[in-house]
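# Chain and residue survey
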Amino acid sequence: MLEILHRIIQEVNTAPDLNAALAVIVKEVKQAVKADVCSVYLTDYENRRHVLAATHGLRKEAVGKVSLPLHRGLVGLVCERAEPVSVDDAPSHPRYLFVTETGEVLYHGFLGVPVIQNRKVLGVLVVRQRKPRQFDDNEITFVFTLAAQLAGAITHAQASGELSRDLNLTADTPARFLRGRPSSSGVAIGSVVVTYRAADLEAVPDRRAEDAEAEIEQFRAAVAGVEESLRSLKTRIGKVLPVEEQALFDALLLMLGSDSLVSQTIGRIHHGEWVQTALRNTIEEHALVFDKMDDVYLRERASDIRDLGRRILMHLQTDTPRSVNYPDQTILVGEDVGAVELMEVPRERLVGIISAAGSGASHVAILARAMGVPAVMGVADLPVSRMEGREVIVDGYHGRVYVSPTPSVLSEYKRLEAEDRALFLELEKLKGEPSETTDGVQVPLYLNTGLVPDTGTLGTGESSGVGLYRTELPFMVRDRFPGEESQIVNYRLVLEAFAPRPVTLRTLDIGGDKSLPYFPMKESNPFLGWRGIRVSLDHPEIFLTQIRAMLRAAVGLYNMQIMLPMVTSVSEVDELMLLIQRAHDELEEEGYPVAMPRIGVMVEVPAAAFQIDALARRVDFLSVGSNDLTQYLLAVDRNNPRVAELYSELHPAVLKTLVQIVEGAKRYGCPVSVCGEMAGHPPATVLLLGMGVDSLSMSAGSLLRVKWVIRSFSRSHARQLLQAALRMEDVQQVRRLMEGALEDVGLGGLVRAGS
Ligand code: PEP
Ligand code: MG
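Residues numbered from 1 in each chain as written. Chains lettered and ligands numbered in written order. Predicted model: local features only at pLDDT ≥ 70, side-chain atom pairs only at ≥ 80, totals over all residues. Heavy atoms only, no water.

## Some words on helix α12 (residues 363–371)
Residues three or four positions apart in an α-helix share a direction because the helix packs 3.6 residues into each turn. To keep things clear, this is the line we draw: Classification of residues uses two cut-offs on accessible area relative to the type maximum, computed with a 1.4 Å probe and protein chains only: under 20% is buried, over 50% is exposed, and between them is partly exposed. We count a stretch as a helix when DSSP gives it H or I for four or more residues in a row; a strand needs E for two or more, and each element gets its number in order from the N terminus.
Counting buried positions along α12 gives 8 out of 9 residues, so the element sits mostly inside the fold. Within the sequence span of α12, burial applies to His363, Val364, Ala365, Ile366, Leu367, Ala368, Arg369 and Met371. Downstream of α12 by a residue or two, glycine 372 has a phi angle that is positive, lying close to 70°.

If you want it as structure tokens, here you go:
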């Protein structure tokens with residue numbers, strides 16, 4: 001049963017559309033459990049009915065035409081209970097409903113299983129038997145597992161409009177958008193450009209061939225290239241591997257030379273598919289044949305074929321470097337959009353970002369906010385490969401994505417976009433105004449950055465300095481560790497751009513979701529692994545090079561501070577401070593007029609929060625990294641869209657921890673700021689103001705919004721709100737309290753689309 005299940009799941013996942021996926025399910029389930037009928041009903045809440053969407057065993061003509069009332073019959077019962085219902089003699093059940101239009105004879109055995117996504121029933125998978133039949137546990141779990149596979153396909157179809165077109169389900173149901181995490185506020189309307197990882201067949205988007213003959217040439221050259229490299233690999237490996245292991249190379253070469261692989265791909269290009277799309281489809285078609293085989297050995301050949309496909313793709317991609325035409329209003333879409341891909345899009349054309357993976361706390365989201373580009377992350381049901389060139393709306397306030405929106409949705413969003421622009425102009429008026437509460441408390445606002453801001457951009461003029469300079473980005477976009485001299489150039493630029501205002505350079509914080517292509521780290525739990533100063537302590541040579549570069553870059557400017565990330569224990573701080581002192585002394589001996597900088601630590605691990613006194617005694621300043629602190633306190637991976645709903649800096653446990661940090665810092669007169677995204681999130685900003693943090697550091701895109709918040713509240717009002725929030729037990733209550741407070745002072749537009 002397990003093997004059959006595996007095979008069906010493969011087929012469903014690779015089906016080109018929902019109808020094909022449903023056809024696979026009803027046919028295979030009927031056969032596997034030896035039933036007389038298998039059907040799928042899709043639930044249409046708007047019209048209060050379940051529509052027959054596919055069947056094997058009932059009249060095919062009934063599909064799309066026959067429907068059952070939402071709350072009647074056994075199908076209605078499955079939907080209400082949201083759990084499987086198995087009845088051995090259906091006609092004697094009080095909820096039984098006899099339907100004639102489907103060509104039903106009297107069926108006795110009944111098994112109905114709900115298809116559920118995000119706690120909502122999307123449809124019901126039904127298995128029927130003429131004779132009375134009690135389905136056993138194995139059969140029920142089998143059907144149940146397959147029903148779960150259908151949920152994603154149904155959500156895709158809902159979003160793309162396929163469902164309303166093919167099954168006549170209501171077109172404008174609220175599910176016509178895809179849900180993700182609101183990650184950078186704002187509204188964007190534009191055309192999709194799909195970005196994808198190199199040498200990843202699945203990630204290749206659907207595109208049309210531009211010059212079929214040239215693409216066929218490229219394809220032939222790529223195949224020849226792979227053939228040559230396989231042959232030389234085989235010769236090399238032949239010296240060390242036994243003959244039977246070499247057989248794999250023969251098999252790969254044989255497949256490569258097979259006429260069908262080459263001719264089918266070329267045929268597809270002739271039919272208008274882009275070379276990479278054609279290769280992807282041909283490889284997948286071949287692999288599926290093996291996937292379906294019951295023999296385990298033969299099934300494994302599917303992965304050989306995919307491996308071959310990846311090799312050809314790699315050649316295609318390196319021989320023909322990606323040249324993308326970015327439209328004026330580009331919405332960048334990807335399975336897992338990375339920082340580097342973001343940088344590839346000309347800034348003036350990028351209007352929105354949608355990523356299937358990640359969440360609001362991912363680093364790409366942070367960059368998006370810094371650039372003021374609306375973003376929705378963690379859109380789990382995003383049909384990435386089918387999105388190229390489509391018109392989409394990104395609603396970064398609510399985390400919604402509309403694919404090929406209807407005219408009415410489009411005009412509504414155009415209105416919201418216009419209101420957003422008006423809000424932006426309103427904010428512009430705050431330029432140059434002090435960041436001061438209504439009762440005269442100054443709250444300096446600093447900038448988070450990882451790039452050297454162009455002089456004259458918003459952040460440079462408006463901020464009191466840089467509260468967090470993430471040094472990873474220059475490390476990430478190279479093919480080796482940058483040396484001392486090249487790091488100096490980088491740091492000097494940012495130090496000079498802000499001098500005499502302070503600039504806080506954070507030492508390298510790699511690990512977690514930030515890896516360096518040339519420094520592989522394979523860990524099953526990277527956020528709990530080798531990260532930040534843990535790497536620095538194990539590789540003092542990397543740390544010392546960076547510190548030397550920082551100290552030399554600051555010569556004569558006196559505005560540089562150093563900050564250590566991911567501190568868990570005081571001994572780490574003691575050791576690193578000694579290393580910083582050593583770098584300073586050595587440079588002095590070498591004749592550089594370096595100055596000892598102020599040194600601070602990030603409080604972003606719960607252990608550091610609970611040792612705040614010991615840390616405050618040792619350092620010159622503290623800065624709360626609320627992004628990580630929240631993830632570690634709530635045990636919610638900041639990048640995982642499945643649990644993104646659980647990630648909130650307004651959680652009472654996060655607020656209580658923050659209060660403890662601020663009180664500890666104050667006991668020792670140690671300045672404390674917040675540099676996590678929380679600082680730029682208006683509902684949270686007010687609470688931080690109430691706690692008495694000394695300053696806030698945020699993305700450039702949040703600066704004026706936060707200034708508006710600060711200028712609209714008094715510290716005493718913020719304190720009262722904090723006291724009320726601390727009495728609350730649930731994050732939703734806190735959110736409502738703070739959104740209400742923002743509405744009350746006329747700032748509702750900062751937390752929702754439209755002002
Ligand atoms: C944080 O964790 O809040 C932080 C500012 O650091 P990063 O987002 O770079 O991990
Ligand atoms: Mg962090």
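## Some words on the environment of methionine 343
Within the secondary structure, methionine 343 sits in helix α11 (residues 339–344). Exposure remark for methionine 343: the relative accessible area of 35% places this residue in the partly exposed category. Residues methionine 343 and leucine 367, 24 residues apart in the sequence, show an inter-C-alpha distance of 9.7 Å.

## Here's the deal with the coordination of the magnesium ion (ligand 2)
Basically, it comes down to this: In this analysis a donor is any N, O or S atom within 2.8 Å of a metal ion (3.2 Å for sodium, potassium and calcium), and since water is not included, sites may seem incomplete.
Binding of the magnesium ion (ligand 2) to the protein goes through Glu604 (OE) and Asp628 (OD), at separations of 2.0 to 2.1 Å. Linking glutamate 604 in the loop between β19 (598–603) and α20 (606–610) with aspartate 628 in helix α22 (residues 626–634), this pair joins segments that are 24 residues apart in sequence. Take aspartate 628: its relative accessible area is 3%, and that puts it in the buried class.

## Digging into the nonpolar core
As a reminder of what qualifies: We define the nonpolar core as a collection of buried residues of types Ala, Val, Leu, Ile, Met, Phe, Trp, Tyr and Cys that are connected through side-chain atoms lying within 4.5 Å of one another. Each domain span listed reflects an automatic or database assignment of domains. Should any heavy atoms of two residues lie within 4.5 Å, those residues are counted as being in contact.
Judged by nonpolar contacts, the single largest core of 118 residues is most densely connected at Tyr491, Leu622, Leu688, Leu696 and Phe713. When residues in this core are grouped by element, the largest group, 8 residues, is from helix α18 (residues 540–553). Residues from two domains meet in this core; each of domain 2 (178–195 + 324–428) and domain 4 (445–723) gives at least three. If sequence neighbours within four positions are ignored, tyrosine 491 has contacts with Tyr469, Thr471, Phe475, Leu505, Gln546, Ala549, Met550 and Ala553.

## Topic: the site of ligand 1
Just so we agree on the cut-off: For each residue, the test is whether any non-hydrogen atom lies within 4 Å of the molecule or strand; if one does, the residue is near. We define a polar contact as two N or O atoms separated by no more than 3.5 Å, with the added condition that, inside protein, one atom must be a possible hydrogen donor and the other a possible acceptor, whereas residues neighbouring each other in sequence contribute only through side-chain atom pairs. For the area figures, the Shrake-Rupley method with a 1.4 Å probe applies, and any residue is considered shielded solely by the protein chains shown.
Ligand 1 sits among 17 residues. The nearest are Arg470, Arg506, Gly625, Asn627 and Arg638. A distance of 3.4 Å separates an oxygen atom of ligand 1 from a polar atom in the side chain of arginine 531. In the model, an oxygen atom of ligand 1 is placed 2.7 Å from a nitrogen or oxygen of the asparagine 627 main chain. Calculation on ligand 1 without its partners gives an accessible area of 290 Å², and the protein chains cover 100% of this total. If you list the elements that add at least two residues to the shell around ligand 1, you get α12, β16 (466–470) and α22. Of all the elements, α22 adds the most residues to the shell around ligand 1, at 3 residues.

## A short note on the pairing of strand β15 (residues 445–449)
Let me state the cut-off plainly: When DSSP finds two or more bridges between two strands, those strands count as paired.
Counting buried residues along β15, 5 of its 5 residues qualify, which places the element largely inside the surrounding structure. The side-chain alternation of β15 yields two buried faces, one formed by Leu445, Leu447 and Thr449 and the other by Tyr446 and Asn448. Where β15 lies against strand β22 (residues 695–698), 3 bridges are found, and the strand directions are parallel. Opposite leucine 445, over in β22, you have leucine 696 as the bridge partner. Note that β15 and β16 share 3 bridges and pair parallel. Counterpart to leucine 447 in the pairing with β16 is valine 466.

## Structural notes on the side chain of serine 626
As for its placement among the helices and strands, serine 626 is situated in helix α22. What makes serine 626 buried here is its relative accessible area of 2%. Discounting residues that sit within four places of it in the chain, serine 626 has contacts with Tyr647, Val674, Gly676, Glu677 and Met678.

## Brief notes about the pattern of salt bridges
Our working rule: Salt bridge, as used here: a side-chain nitrogen of Lys or Arg that lies within 4 Å of a carboxyl oxygen of Asp or Glu.
In the structure shown here, the tally under the stated rule is 35 salt bridges. Linking glutamate 472 and lysine 514 is a salt bridge whose minimum nitrogen-to-oxygen distance equals 3.3 Å. One end of the pair, glutamate 472, is in helix α15 (residues 472–476); the other, lysine 514, is in the loop between β17 (503–506) and α17 (533–538), and 42 residues separate them in sequence. Residue class for glutamate 472 comes out buried when judged on its relative accessible area of 2%.

## Considering the domain arrangement of the protein
The assigned domain composition of the protein is domain 1 (2–173), domain 2 (178–195 + 324–428), domain 3 (201–317) and domain 4 (445–723). Averaged C-alpha coordinates put domain 3 and domain 4 at centres separated by 46 Å.

## Structural notes on the confidence of the model for the protein
Test applied: Confidence of the predictor at the level of single residues is given by pLDDT, which spans 0 to 100.
With 92% of its residues at a pLDDT of at least 70, the protein reaches an overall mean of 87. Confidence over residues 170–175 falls short of pLDDT 50; this stretch has 12 contacts with residues more than four positions distant or in other chains. Below a pLDDT of 50 lies the segment residues 452–456, which in the model reaches 9 contacts outside its immediate sequence neighbourhood of four places, other chains included.

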